[in-house]
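# Observations on chain architecture
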Amino acid sequence: MLAEDLKSRIRRSGPLSFSNFVEACLYDSENGFYTKTGRAGRRGDFITSPEVGPVFGHLIANWLDQLWTEIQKPKDFQVIEVGAGCGTLARTILDSEPKCLESGSYVMVERSEELRKEHPTSEKLVSTMQMPEGPIVGAVIANELLDNLPFDLLEGDGNCWKEVCIDLMDDQFIEILTTEKDPPIEIAPLKGARIPVQTQSNNWIKDVIEKISKGSILLFDYGSTTQEMSQRHQDSWLRTFKRHFRGDSPLEDVGNQDVTVEVAIDQLPKGFSISTQKQFLENQGINKLVEEGRKIWEESSSIGDLKAVKARSRITEADALLDPKGLGGFFVFEWKIGSSGAVSEN
Ligand SMILES: C[S@@+](CC[C@H](N)C(=O)[O-])C[C@H]1O[C@@H](n2cnc3c(N)ncnc32)[C@H](O)[C@@H]1O
């Protein structure tokens, strides 16, 4: 269905930019992947850190309280989570009862109406489709949002970079090289090399920076540099997923699989600090949480009650969240915004 709509669009108006193609595949108002069934979670298409279990949200709640303390404990502290999915992270953060939310509020921003229907409800929580207007005092957080924002593609021809667009041949989607385009950073256009151009991510972050008067943006995602991606095969950084398996080429099965890209760290707006998820969670005290869990389990495993089982599961959760080859190797980007509204340079 979506494939037919896109084909008519191409016949009518010519080739589509890759970002327009991804936009339709993921968010088409009727047949986009996230409009229909796409979601994180064990019963979904991929596992994200909040879906591993409550430990991730508990440690983010700690981080939120630290930020709240740093900016002198404002009463109107806001947490805005963008790309909130079905609300799992919001649920676990609220369950952790951070002090910053005693008088503050938590806004879940999610594009997909289907996922918004599952958002938890409470007087502290707001569920919305659109990012609130500023000025914001508090934190804007997102887990695996940037990798799902539509992006363009360039291919080198030995002399210059050309835009990769989607056209039709024999009624099938094909990639074609169109006009010459400057890359977002200086990089040699080696023949056949490909790079993503992540203008939407860059603009989204700049827009959020403008809206925050005091606080931070904290983003979790996988990433690498544009240079590094140019040296790897595109399939290793532009991936598709469906029901926990790698999917087909992005030109196949459109609207029925996730299309994601590694975040190009060097294309993000300047002024952020960066760590791995492993470093970040260790700084937030994950090891202490695991040790406490182990102790509770050892003391009460014979009873095997819910408290003991939950404590035991912290150990396996931490293993998944800290694995340097998996979620632990993700990056955590933070832009701190001072009372002047300026981004502090790292
Ligand atoms: C990979 S999922 C991550 C979900 C959740 N954060 C998690 O970690 O489980 C990305 C989510 O971002 C949502 N999304 C994408 N662009 C968005 C936007 N501009 N505003 C709000 N949500 C958006 C998608 O609909 C999808 O639910």
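Please refer to the structure higher up on the page.
The sections below set out a description of the structure shown in this document. (Residues numbered from 1 in each chain as written. Predicted model: local features only at pLDDT ≥ 70, side-chain atom pairs only at ≥ 80, totals over all residues. Heavy atoms only, no water.)

### A short note on the site of the ligand
Close to the ligand lie 18 residues, the nearest being Tyr-27, Thr-48, Gly-83, Glu-110 and Asn-143. Contact distances for the ligand include 2.6 Å between an oxygen atom and a side-chain N or O atom of Thr-48. One of the side-chain N or O atoms of Asn-143 is found 2.8 Å from an oxygen atom in the ligand. When the ligand sits alone it has 600 Å² of accessible area, and the protein chains cover 92% of it. Across the shell around the ligand, the residue classes break down as 10 nonpolar, 5 polar and 3 charged. (Near = heavy atom within 4 Å. Polar contact = N/O pair within 3.5 Å; in protein donor to acceptor, adjacent residues only side chain to side chain. Areas by Shrake-Rupley, 256 points an atom, 1.4 Å probe, with all protein chains shown as cover. Nonpolar A, V, L, I, M, F, W, Y, C, P; charged D, E, K, R; others polar.)

### Here we look at the packing of aromatic side chains
Scanning all chains against the criterion turns up 12 aromatic pairs. Considering the side-chain rings of Tyr-27 and Tyr-34, the 5.8 Å spacing of their centres and the 15° angle between planes classify their relative orientation as stacked. Seen from their ring centres, Phe-333 and Trp-335 are 6.4 Å apart, and the 40° between their planes marks the pair as tilted. Summarising the burial analysis for this pair, Phe-333 and Trp-335 share the class buried. Taken together, the ring pairs connect Phe-18, Phe-21, Phe-151 and Phe-173 into an aromatic cluster. Sitting over the face of the ring of Phe-173, Lys-7 holds its NZ or CZ atom 5.4 Å from the ring centroid. The ring of Tyr-222 carries the charged tip of Arg-239 above its face, separated from the ring centre by 5.2 Å. (Phe/Tyr/Trp six-rings, centres within 6.5 Å; stacked < 30°, edge-to-face > 60°. Buried < 20%, exposed > 50% of the residue type's maximum accessible area, 1.4 Å probe, protein only. Lys NZ or Arg CZ within 6 Å of the ring centre and 35° of its normal.)

### Let's talk about the environment of Asn-159
Note that Asn-159 resides in the loop between strand S6 (152-156) and strand S7 (161-169). We classify Asn-159 as exposed; its relative accessible area is 68%. Taking the C-alpha atoms as reference points, Asn-159 and Pro-189, 30 residues apart in sequence, are found 6.1 Å from one another. (Helix = DSSP H or I, 4+ residues; strand = E, 2+ residues; numbered from the N terminus.)

### Some thoughts on the packing of helix H5 (residues 54-70) against helix H6 (residues 88-95)
Between H5 and H6, whose axes approach to 8 Å, the crossing angle comes to 60°. The element H5 and its partner H6 pack so that their crossing is right-handed. Mapping the contact onto sequence places Pro-54, Phe-56, Gly-57, Ile-60, Ala-61 and Leu-64 in H5 and Leu-89, Thr-92 and Ile-93 in H6. Across the contact of H5 with H6, the residue classes break down as 7 nonpolar, 2 polar and no charged. (Axes fitted to C-alpha atoms, helices over the stretch in contact; angles between N-to-C directions. Left-handed = near helix turned anticlockwise from the far one by under 90°. Contact = heavy atoms within 4.5 Å.)

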